[in-house]
Amino acid sequence: MATLVFDLDGTLIDSAPVILTGFGAAIREHGLEPALPLEHRLIGPPLTQVMGVLLPQADEARRQAVADSFKRWYDHEGVALTGAYEGIHDMLDALKAQGHALHLATNKRLGPTVKIVDQLGWSGLFRSVWALDRAAVPCKNKAEMLGLMREQEGLPEHCLYIGDTPGDREASQAQRMDFWGVSWGYGLNREESRLHHPSELPQALGAAQA
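Residues numbered from 1 in each chain as written. Predicted model: local features only at pLDDT ≥ 70, side-chain atom pairs only at ≥ 80, totals over all residues. Heavy atoms only, no water.

Chemist: Requested: an account of the nonpolar core, with residues and values cited.
Modeler: With 50 residues, the main nonpolar core has Phe6, Leu12, Phe23, Trp122, Phe126 and Leu201 as its most contacted residues. Ranked by residues supplied to this core, first place goes to helix 1 (residues 16–29) with 7 residues. Residue contacts for Leu201: discarding those within four places in its chain leaves Phe6, Met91, Leu95, Leu160, Ile162, Trp180 and Leu195. (Core = buried A, V, L, I, M, F, W, Y, C linked by side-chain atoms within 4.5 Å. Buried < 20%, exposed > 50% of the residue type's maximum accessible area, 1.4 Å probe, protein only. Helix = DSSP H or I, 4+ residues; strand = E, 2+ residues; numbered from the N terminus. Contact = heavy atoms within 4.5 Å.)

Chemist: Explain the environment of Leu148 residue by residue, including any values.
Modeler: Mapping Leu148 onto the fold places it in helix 6 (residues 142–153). When the C-alpha positions of Leu148 and Pro45 are compared, they lie 18 Å apart, and in sequence the two are 103 residues distant. If we ignore the near neighbours within four places in the chain, the residues touching Leu148 are Trp130, Ala135 and Cys139.

Chemist: So what's going on with the packing of helix 3 (residues 60–80) against helix 5 (residues 110–119)? Which residues, and what values?
Modeler: Between helix 3 and helix 5, the shortest axis-to-axis distance is 10 Å and the interhelical angle comes to 20°. Taken together, the axes of helix 3 and helix 5 lie roughly parallel to each other. When you trace helix 3 past helix 5, the crossing you get is right-handed. Note on element contacts: helix 5 touches helix 3 through Pro112, Lys115, Ile116 and Gln119, opposite Tyr74, Asp75, Val79 and Ala80. (Axes fitted to C-alpha atoms, helices over the stretch in contact; angles between N-to-C directions. Parallel < 35°, antiparallel > 145°, perpendicular 65-115°, else oblique. Left-handed = near helix turned anticlockwise from the far one by under 90°.)

Chemist: Quick rundown of helix 4 (residues 88–98)? Include the residues and the values.
Modeler: Taken together, the buried positions of helix 4 are Ile88, Met91, Leu92 and Leu95. The buried side chains of helix 4 occupy one side of the element, clustering within an arc of 95° when seen end-on. Facing away from the buried surface of helix 4 by more than 90 degrees, the exposed residues are Asp90 and Ala97. Positive backbone phi, at 95°, marks Gly99, one or two positions downstream of helix 4. (Arc of directions from axis to C-beta.)

Chemist: Lay out helix 1 with the relevant residues and their values.
Modeler: For helix 1, which comprises 14 residues, the first-to-last C-alpha distance of 20 Å matches the rise-based estimate of 20 Å (1.5 Å per residue) to within 8%. Residues Ala16, Val18, Ile19, Leu20, Gly22, Phe23, Gly24, Ala26 and Ile27 constitute the buried set of helix 1. Structurally, helix 1 contributes buried residues whose contacts are with helix 2 (47–54) and helix 3. (Expected span 1.5 Å × (residues − 1).)

Chemist: Report on the sheet that holds strand 3 (residues 128–131), specifying residues and quantitative values.
Modeler: Across the sheet, which stays open at both edges, the 5 strands sit in the order 3-2-1-4-5 with parallel pairing between neighbours. The sheet terminates laterally at strand 3 and strand 5 (178–181), the two strands that pair on one side only. Ignoring strand direction, the axes of neighbouring strands in this sheet form an average angle of 25°. Pairing of strand 2 (residues 101–106) with strand 3 involves 4 bridges; the strand directions are parallel. What sits directly across from His103, in strand 3, is Ser128. In the packing of helix 4 onto the sheet, contacts are made with strand 1 (3–6) and strand 2, and the angle to strand 1 comes to roughly 160°. (Pairing = 2+ DSSP bridges.)

Chemist: Please provide a residue-by-residue account of the side chain of Asp9, values included.
Modeler: Residue position: Asp9 is located in the loop between strand 1 and helix 1. Since its relative accessible area comes to 9%, Asp9 is described here as buried. A distance of 3.3 Å separates the side chain of Asp9 from the side chain of Lys108, its partner in a polar contact. (Polar contact = N/O pair within 3.5 Å; in protein donor to acceptor, adjacent residues only side chain to side chain.)

In short, shape yes, function no, at least from these values alone.
As structure tokens, then:
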């Protein structure tokens, strides 16, 4: 059986509309204007990195204030509005039925991640849920988080990471994990992706077991 580690935003959940709405509301609350359009390519990196891109003219304290405003909005209104891509529920159920070990590793904060997993009915599907701030000392990036996750969860040498951005690919490769990209997310085109519909993943793994 395979050990599968999933990204969240752009891979399992279509969070971009909600997150971008929250970015805009938080920035306007502080009387600022974003330096770039609020587009899907902003989804995925850590929040502090995104604030630096959107607000290069603001000092660190102002960026942190905007980030805090976004967190307050997202943790209440935003999380409740977040849904999964079509076909993801069936995909996860099929993978679980096949006996694969499922894990989650995301750049989101752990609090809203757990809320989303619970409200979507996935809490019994994942053996572990990891976020950058899960460890006592928050991880600097996803590659570091995957390394700590692998160590603490006792993941096998051969793991498959499923994500939707070049950053996901680079982080998994840094930890010598296999990577399959999805084309329905926010960062990879069809040519860069192995999966074009959620149903293809259990089909591919089922064929490998046959």
